Amino acid sequence: MSDCIFCRIVNGEIPSTRVYEDDLVLAFEDIHPMAPVHCIVVPKIHIATLMDVTSDLMPYVGAMTAAAQEVAKRKGISEKGFRTVINCNAEGGQVVFHLHMHVLGGRKLRDELG
Ligand code: 5GP
Ligand code: ZN
């Protein structure tokens with residue numbers, strides 16, 4: 001989708017600091033980090049929300065999970081711990097409507113989620 005920020009990052013039309021990528025997914029630094037480590041993992045195809053993941057698209061979700069592991073290793077937080085978050089739709093706090101997983105860490109995260 002040409003008007004989607006994350007599609008444009010995948011295509012290289014908008015610059016980003018890439019942390020990991022493979023055939024299915026891309027991970028890059030969040031532009032407004034909420035923690036010392038804050039990366040975003042996206043599928044390389046446009047999927048609007050978690051609710052749009054049909055069974056044929058499940059490989060992308062698996063690849064996102066594997067990419068989160070790789071990001072955690074590369075950022076040195078795999079042992080200390082980190083948090084993954086997928087916001088879905090308005091009340092879930094989703095702002096960019098291209099499926100993405102936040103990978104947050106590098107400090108003690110607060111217990112509350114919201
Ligand atoms: P959401 O609230 O939709 O779950 O999170 C969207 C995230 O994307 C936010 O953390 C925001 O900082 C990040 N973001 C939005 N636009 C850009 C951008 O152009 N580049 C990068 N690297 N991150 C972005
Ligand atoms: Zn998109």
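This text goes with the structure placed above it.
The model shown is predicted, which means the values in this text are computed figures rather than measured ones.

Here we take up the coordination of the zinc ion (ligand 2). Around the zinc ion (ligand 2), the protein supplies Cys4 (SG), Cys7 (SG), His46 (ND1) and His98 (ND1) as donor atoms, at distances of 2.1 to 2.3 Å. Coordination at the zinc ion (ligand 2) is tetrahedral, judged from the four donor atoms that bind it and the angles of 105 to 117 degrees they form at the metal. Donor residues binding the zinc ion (ligand 2) come from one chain and are separated in sequence as C-x2-C-x38-H-x51-H. In this pair, Cys4 is assigned in the segment before α1 (5-11) and His46 in the loop between β3 (37-43) and α2 (58-75), connecting sequence segments 42 residues apart.

In spatial order, the strands read β1-β2-β3-β5-β4; together these five strands make up an open sheet with antiparallel pairing. At either margin of the open sheet sits one strand with a lone partner, and together these are β1 (18-21) and β4 (82-85). Across this sheet, the average inter-strand angle for adjacent strands is 20 degrees, counted without regard to direction. Pairing analysis gives four bridges linking β4 to strand β5 (residues 101-105), with the strands arranged antiparallel. By the bridge assignment, Thr84 is partnered in β5 with Val103.

Next up on the list: the pairing of β5. On any regular strand, side chains alternate: one points to one face of the sheet, the next to the other face. Of all five residues in β5, five are buried; the element is thus mostly enclosed. Residues Met101, Val103 and Gly105 of β5 are buried on one face, and the alternating residues His102 and Leu104, pointing to the opposite face, are buried as well. Strand direction decides the pairing type here: β3 and β5, joined by five bridges, are antiparallel. By the bridge assignment, Cys39 is partnered in β5 with Val103.

Let us look at the pattern of salt bridges. A complete count under the given rule lists five salt bridges for this structure. The partner of Glu21 in a salt bridge is Lys44, with the nearest N and O atoms 2.7 Å apart. Here the residue Glu21 occupies a position in strand β1, and Lys44 occupies one in the loop between β3 and α2, the gap between them amounting to 23 residues. For Lys44, a relative accessible area of 27% gives the class partly exposed. Of the charged contacts, one joins Arg74 and Glu70 as a salt bridge, the two residues approaching to 2.9 Å between their closest N and O atoms. You can see Arg74 and its partner Glu70 sitting in helix α2, four residues apart, about one turn around the helix. According to the relative accessible area criterion, Glu70 is partly exposed, its value standing at 23%.

Scanning all chains against the criterion turns up one aromatic pair. Measuring from centroid to centroid gives 5.4 Å for Phe6 and Phe28, while their planes differ by 70 degrees, and the two rings are edge-to-face. Taken as a pair, Phe6 in helix α1 and Phe28 in strand β2 (residues 25-29) lie far apart in primary sequence, 22 residues in all. Residue Phe6 shares its accessibility class with Phe28, and that shared class is buried.

Calculation criteria
Residues numbered from 1 in each chain as written. Chains lettered and ligands numbered in written order. Predicted model: local features only at pLDDT ≥ 70, side-chain atom pairs only at ≥ 80, totals over all residues. Heavy atoms only, no water. Donors = N, O, S within 2.8 Å, 3.2 Å for Na, K, Ca; no water. Tetrahedral: all angles 85-135°; square planar, octahedral: opposite > 155°, others 65-115°. Helix = DSSP H or I, 4+ residues; strand = E, 2+ residues; numbered from the N terminus. Pairing = 2+ DSSP bridges. Axes fitted to C-alpha atoms, helices over the stretch in contact; angles between N-to-C directions. Buried < 20%, exposed > 50% of the residue type's maximum accessible area, 1.4 Å probe, protein only. Salt bridge = Lys/Arg side-chain N within 4 Å of Asp/Glu carboxyl O. Phe/Tyr/Trp six-rings, centres within 6.5 Å; stacked < 30°, edge-to-face > 60°.

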